[in-house]
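In case you want the letters, here they are:
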Amino acid sequence: MAHRRFRLFNTNTIAGRDGEFPDLDYGLSRAVRAGNMVFLQGQTGRTFEGDFVGEGDPAAQADQAMKNVKLLLEEAGARMEDICKITTYVKDHGHRRLIYPVLANHLRGVNPCSTGLVVTTLGHPLVLFEIDVFAVIDSENA
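All values derive from a computational prediction rather than experimental measurement.

Enquirer: Can you explain the overall build of the protein chain? Please cite residues and give values.
Expert: Each helix and strand in the protein chain was counted, giving three helices and eight strands. In sequence order, the protein chain lays out its α and β elements as β-β-α-β-β-β-α-β-α-β-β. Here the C-alpha radius of gyration of the protein chain, 15 Å, is about what a compact globule of 142 residues would show, namely 14 Å. When its C-alpha atoms are laid out on the principal axes, the protein chain stretches across 45 × 40 × 20 Å. Across the 142 residues in the protein chain, those meeting the buried criterion constitute 40%.

Put into structure tokens, the structure is as follows:
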């Protein structure tokens, strides 16, 4: 089974923007398609251009993350309806009431399995929300 990798990047080109790990040479993908399975890198309020959307606003971060999810899935040949499992991470339990309506809007009719975690920290101090997505492309659409 061939793996197709989408939106390749290296930490030394993006991490230096925040001053973290400027000398680390670590190649990553935003999405990987393995057969009919699609795995996405955790998505946050950061755009693919490196800008940050929603400082202090977990709902805005969730909206940007879901826009990223949709674009990555489409680039990999998948649809939102192909999402099977999501895992959400929030830094404050109270943010869940702000984030879940945004997710419900983006995932209307998808009905994925979902796990929600409240964590003490995420990969960047501004990040209040992150989502992991796993999708399986329906064989009729593959």
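Enquirer: How would you explain the environment of A62 if you had to name every residue and give the values?
Expert: In this structure, A62 sits in helix α2 (residues 58-75). Judged by relative accessible area, which is 0%, A62 ranks as buried. A C-alpha to C-alpha distance of 28 Å links A62 and L24, two positions 38 residues apart in sequence. If near-sequence neighbours (up to four positions away) are discounted, A62 is found in contact with I99, V102 and F129.

Enquirer: Describe the packing of aromatic side chains, and please don't skip the residues or the numbers.
Expert: The geometry of an aromatic ring pair is captured by two quantities: the separation of the ring centres and the angle between the planes. For the structure shown, the criterion picks out one aromatic pair. Note on F39 and F134: the rings are 4.9 Å apart at their centroids and 45° apart in plane angle, and the pair reads as tilted. Residue F39 is located in strand β5 (residues 37-40), and its partner F134 is located in strand β8 (residues 129-136); the two are separated by 95 residues in the primary sequence. For F134, a relative accessible area of 23% translates into the label partly exposed. Of note, R7 hangs over the ring of F48, and the distance from its end group to the ring centre comes to 4.4 Å. When the ring centre of F9 is taken as reference, the NZ or CZ atom of R30 above it lies at 3.8 Å.

Enquirer: I'd like to hear about the pairing of β8, residue by residue, with values.
Expert: Direction of pairing for β5 relative to β8: antiparallel, over a ladder of three bridges. Counterpart to V38 in the pairing with β8 is A135. Relative to β8, strand β6 (residues 83-90) runs antiparallel, the two being bridged by seven bridges. In the sheet register, Y89 faces β8, and the bridge partner there is E130.

Enquirer: Please give an account of the pattern of salt bridges that cites residues and values.
Expert: Between side chains of opposite charge, a pair can form as their charged atoms come close. With the rule as written, the count across this model stands at four salt bridges. Of the charged contacts in the structure, one is a salt bridge between K70 and E74, with a shortest N-O distance of 2.4 Å. Highlighted residues: K70 and E74, both in helix α2, separated by four residues, approximately one helical turn. Given the relative accessible area of 41%, K70 is considered partly exposed. Residue E74 is classed as partly exposed on the basis of its relative accessible area, which comes to 43%.

Reading the values: rules and limits
Residues numbered from 1 in each chain as written. Predicted model: local features only at pLDDT ≥ 70, side-chain atom pairs only at ≥ 80, totals over all residues. Heavy atoms only, no water. Helix = DSSP H or I, 4+ residues; strand = E, 2+ residues; numbered from the N terminus. Rg over C-alpha atoms; globule rule 2.2 N^0.38 Å. Buried < 20%, exposed > 50% of the residue type's maximum accessible area, 1.4 Å probe, protein only. Contact = heavy atoms within 4.5 Å. Phe/Tyr/Trp six-rings, centres within 6.5 Å; stacked < 30°, edge-to-face > 60°. Lys NZ or Arg CZ within 6 Å of the ring centre and 35° of its normal. Pairing = 2+ DSSP bridges. Salt bridge = Lys/Arg side-chain N within 4 Å of Asp/Glu carboxyl O.

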